[in-house]
Amino acid sequence: MEYKEFLEYIYERHSGNVKLGLDRMLNILKEMGNPDQKLKGIHVAGTNGKGSTSAMCESLAMEHGLKTGLNTSPHLVDYRERIRINKEDIKFEDILRIYNKWEDVLQKNEASFFEITTALAFYYLLEQEVDTAIFEVGLGGRLDGTNPFNADVSVITSISIDHPKSLGDTIEKIAFEKAGIIKENQKVIIGYLPVEAVDVIKEVCQQRSAELIQPDIDYTVSNIRVDLHSTLFDYSYNGITMKDVRVGLLGEHQALNAGLAITAFIEYAANHDIEENISLIRKGLEEVTWKGRMQIIQKTPLVLLDGAHNEEGVFRLVDNLKKLFPDKKITFVLAILRDKKIDKMISAMCEIGEKFFISKNKSNRAAEIQDQVEIVEKAGLPFFVTNNVQEAKEAAVANAASDDIIVVTGSLYTISEILNEG
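Residues numbered from 1 in each chain as written. Predicted model: local features only at pLDDT ≥ 70, side-chain atom pairs only at ≥ 80, totals over all residues. Heavy atoms only, no water.

Draft legend 1. Representation of the nonpolar core in the model. Among the nonpolar cores identified, the biggest contains 39 residues, and Ile-42, Phe-233, Tyr-235, Ile-262 and Leu-285 are the most heavily contacted of them. Only β1 (41-45), α4 (50-63), β6 (153-156), β9 (219-226), β10 (231-237), β11 (240-247), α10 (252-271) and α11 (278-286) provide two or more residues apiece to this core. Core analysis: the second largest hydrophobic core is formed by 36 residues, Met-25, Leu-29, Trp-102 and Tyr-123 among them. (Core = buried A, V, L, I, M, F, W, Y, C linked by side-chain atoms within 4.5 Å. Buried < 20%, exposed > 50% of the residue type's maximum accessible area, 1.4 Å probe, protein only. Helix = DSSP H or I, 4+ residues; strand = E, 2+ residues; numbered from the N terminus.)

Draft legend 2. Examining the packing of aromatic side chains more closely. Evaluation of the coordinates by the stated rule reveals 14 aromatic pairs. On the basis of an interplanar angle of 25° and a centroid distance of 4.3 Å, the ring pair of Phe-122 and Phe-135 is categorised as stacked. Of this pair, Phe-122 sits in helix α6 (residues 113-127) while Phe-135 sits in strand β5 (residues 132-136), and the two are 13 residues apart along the sequence. Judged by its relative accessible area of 0%, Phe-122 falls in the buried class. When the centroid spacing of 5.4 Å and the interplanar angle of 20° are considered together, the rings of Phe-332 and Phe-356 count as stacked. With Phe-332 in strand β14 (residues 330-334) and Phe-356 in strand β15 (residues 353-358), this residue pair connects regions lying 24 residues apart in the sequence. Here the aromatic residues Tyr-3, Phe-6, Tyr-9, Tyr-79, Phe-92, Tyr-99 and Phe-113 are joined through ring pairs into a cluster of three or more. Above the plane of the ring of Tyr-3 lies Arg-80, whose end atom (NZ or CZ) is 4.4 Å from the centre. (Phe/Tyr/Trp six-rings, centres within 6.5 Å; stacked < 30°, edge-to-face > 60°. Lys NZ or Arg CZ within 6 Å of the ring centre and 35° of its normal.)

Draft legend 3. Seen up close, the layout of surface pockets. The space that makes up the second largest pocket amounts to roughly 490 Å³. For the second largest pocket, the lining is made up of 23 residues, of which Leu-249, Thr-289, Trp-290, Lys-291 and Gln-295 are closest to its centre. For the lining of the second largest pocket, the per-class residue count stands at 8 nonpolar, 7 polar and 8 charged. (1 Å grid on protein atoms, 1.4 Å probe; cavity = no way out; pocket = protein on both sides within 12 Å on 5 of 7 lines; lining within 4 Å. Points joined across faces, edges and corners; volume = space filled by probe spheres on them. Nonpolar A, V, L, I, M, F, W, Y, C, P; charged D, E, K, R; others polar.)

Draft legend 4. The environment of Pro-35, seen in detail. Examined against the element boundaries, Pro-35 turns out to sit in helix α3 (residues 35-38). For the pair Pro-35 and Thr-68, spaced 33 residues apart in sequence, the C-alpha to C-alpha distance is 15 Å. When neighbours within four sequence positions are excluded, Pro-35 is seen to be in contact with Leu-29, Phe-122, Tyr-123 and Leu-126. (Contact = heavy atoms within 4.5 Å.)

Draft legend 5. Main features of the pattern of salt bridges. Taken as a whole and assessed by the stated rule, the structure comprises 23 salt bridges. Note that Lys-173 and Asp-169 form a salt bridge whose closest N and O atoms lie 3.2 Å from each other. For Lys-173, a relative accessible area of 45% gives the class partly exposed. Its relative accessible area of 51% is what places Asp-169 among the exposed residues. The residue Lys-341 makes a salt bridge to Glu-311 at a minimum N-O spacing of 3.9 Å. Of this pair, Lys-341 sits in the loop between β14 and α13 (342-350) while Glu-311 sits in helix α12 (residues 311-324), and the two are 30 residues apart along the sequence. By relative accessible area, which is 15% here, Glu-311 ends up buried. Put simply, Arg-225, Asp-234, Lys-243 and Asp-244 are held in one network by salt bridges that share partners. (Salt bridge = Lys/Arg side-chain N within 4 Å of Asp/Glu carboxyl O.)

Draft legend 6. The arrangement of empty space enclosed by the protein in detail. Within this structure, the stated rule accounts for 1 cavity of 30 Å³ or more. Its volume calculated, the largest cavity comes out at about 80 Å³. Forming the walls of the largest cavity are Thr-157, Gly-191, Tyr-192, Tyr-219, Val-221, His-253, Leu-256, Asn-257, Leu-260 and Arg-316. Sorting the residues of the lining of the largest cavity by element identifies β9 and α10 as the ones contributing at least two each. The element that contributes the greatest number of residues to the lining of the largest cavity is α10, accounting for 4 residues. Class assignment for the residues of the lining of the largest cavity results in 5 nonpolar, 4 polar and 1 charged.

Draft legend 7. Local environment of the side chain of Asn-147. Tracing the backbone through its elements, the reader meets Asn-147 in the loop between β5 and β6. Asn-147 sits in the buried class, given a relative accessible area of 10%. Reaching out from Asn-147, the side chain makes a polar contact with the backbone oxygen of Gly-180 at a distance of 2.9 Å. (Polar contact = N/O pair within 3.5 Å; in protein donor to acceptor, adjacent residues only side chain to side chain.)

Next comes the structure, spelled out in structure tokens:
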């Protein structure tokens, strides 16, 4: 079976939709020999920032000489991105070999597409004898397919309203779902969360005898500076102080994500008698890369991709753009999903956008072009329409001056279509 044929096969035979619940995964993992209980590492949840934070944890572990496995979702260009060892994507023949070995078990348990991928990741990482496993939660946490992971450290990056039908329509409900990854006697690192979310997480930590580690109380990230090459910040935790730490991802929020990753790795290292090294921490963060997160793909005119796909993500993007390009003309290439709060997302972009190129991505959840257009029209801003995301980007570039800024955003599906064409 070839790569494309395999993907079509598992999409058709298994549900491509999210199927929350742990019974299927627990049954599958039990038949696999419970790799989830034998792996050690870091588990990362959050509304935004969990992919970047996971990639930073991976880079930190690798720089310390640890064989590191990473499982993330979704993929942007290639399905194999979801599972990698030491930053190398899994080979397709390994995917197919493991799937064929466990296909009967996966079918018997009616596993979803996501559950299949997660089960393959658990099995492969154990098979490869990784020292450190890092799993990014797919959706929520409590009922997510990654939940069985017996991690040393849990991380919750951010909490805001997203996927309300699946996770709830209040911060408290969503916090409860995210906190579902917390295990007994674990270290739990959180980012800057709403007070009501922290209260929920504190309660779960108390119930599970887990130790909560919070920003500005236990660790600090300060003096954040951002330019077009990297993000600088100062960091301190538990007697460790670092000035001018550089992370190779753009945006103030990436400094906060880096603070989470450093703290999580320090706690993981302590759990395994690994001596953390400040110079290796610095190097690991400098060398981290993560597609589609304030990623510059062209310099004249400057074209930037960002997968902001909900209110919090867009607010952070807009704030970063204001600081990076205070005197520049910004054009947005936009394609959002219909189950997002597109009015608030686009209204925030209208504060700094000069013009919009509006499109519709190929997701079956894509928002209609007219629904996006109406919000831009209300703001009185010029817009152009095309049914193809790549064509929208090319039109924006063709209409831009050499010193203009073009930002492609609205969904990871949108970013994926640009990267696939590139």
